[in-house]
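Single-letter residue listing:
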Amino acid sequence: MDQTYVKALESYEYLFGLADLSDFDSRMKFQKTTYLLKVLGIDFSGLKFTWFRRGPYCFDLVGVKYKPKPAHSVLRADEIIKIDQNKPLIHELMDKPRDAELYSSIAFLQREEKLSPEQIIHRMGLVKPWFEQRDVEAGIHKMKQILPANWIGFLAIFLFIHSDREYRRSVEDRRMK
């Protein structure tokens, strides 16, 4: 895995300051932030994220704080620019552990499992019932800021499905009369 885990920790510390990964919430925020940075295009080749109870999770990041760090930065200049460009949004999305779980889970389901917004709402209702549907819908809307190219097609399908249902209902209503 070379220095990828170091890059993950360095990226996190670049965003939030010195990492204190001593409690569950801070480790979860680290995992979710790393996944979000991967979605944004930071090269974390070698880090494999899978679905876990609280969303995307990478087993290789466990204990990363205790692994040796090089004396020099492993972040490339283009990656630092990308992080800087998205820093306010990342801070907003990852500020609270609950938000980090919500947004990273939505991104994972859209990106890795290729689910539509409607399918994401359904899946989140099943696997994360502590999130209300309106929270998930708002999260999907917010994630469009990060994944604009990927969401265009999904939103078009989502809107088509809903408009098609409304059209079929109106046709059925007219038939009933």
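Below is a summary of the structure that appears in this document.

All right, on to the overall build of the protein then. Each helix and strand counted, the protein has seven helices and two strands in total. Mapped in sequence order, the helices and strands of the protein form the string α-α-β-β-α-α-α-α-α. Expressed as a percentage of its 177 residues, the buried residues of the protein come to 42%. The contacts in the protein between residues at least 6 apart in sequence include a share of 69% that link residues at least 24 apart. Of the roughly 9,900 Å² of accessible surface on the protein, 56% is carried by carbon and sulfur atoms.

The residue Glu113 is located in the loop between helix 4 (97-111) and helix 5 (117-127) in this model. Note on Glu113: relative accessible area 29%, which makes it partly exposed. Taking the C-alpha atoms as reference, Glu113 lies 9.8 Å from Trp51; in sequence the two are 62 residues apart. Residues within four places of Glu113 in sequence aside, it is in contact with Trp51, Phe108 and Arg123. Here the side chain of Glu113 touches Arg123 through a polar contact of 2.5 Å, side chain to side chain.

What follows deals with the pattern of salt bridges. Per the counting criterion, the structure on display carries 11 salt bridges. For the salt bridge of Asp78 with Arg76, the shortest nitrogen-to-oxygen distance reads 3.0 Å. Accessibility expressed as a relative area gives 39% for Arg76, which makes it partly exposed. Glu113 is paired through a salt bridge with Arg123; the nearest N and O atoms lie 2.5 Å apart. One end of the pair, Glu113, is in the loop between helix 4 and helix 5; the other, Arg123, is in helix 5, with 10 residues separating them in the sequence. By relative accessible area, which is 29% here, Arg123 ends up partly exposed. Beyond isolated ion pairs, a larger network of salt bridges with shared partners links Lys7, Asp43, Arg76, Asp78 and Glu79.

Reading guide: rules and limits
Residues numbered from 1 in each chain as written. Predicted model: local features only at pLDDT ≥ 70, side-chain atom pairs only at ≥ 80, totals over all residues. Heavy atoms only, no water. Helix = DSSP H or I, 4+ residues; strand = E, 2+ residues; numbered from the N terminus. Buried < 20%, exposed > 50% of the residue type's maximum accessible area, 1.4 Å probe, protein only. Contact = heavy atoms within 4.5 Å. Areas by Shrake-Rupley, 256 points an atom, 1.4 Å probe, with all protein chains shown as cover. Polar contact = N/O pair within 3.5 Å; in protein donor to acceptor, adjacent residues only side chain to side chain. Salt bridge = Lys/Arg side-chain N within 4 Å of Asp/Glu carboxyl O.

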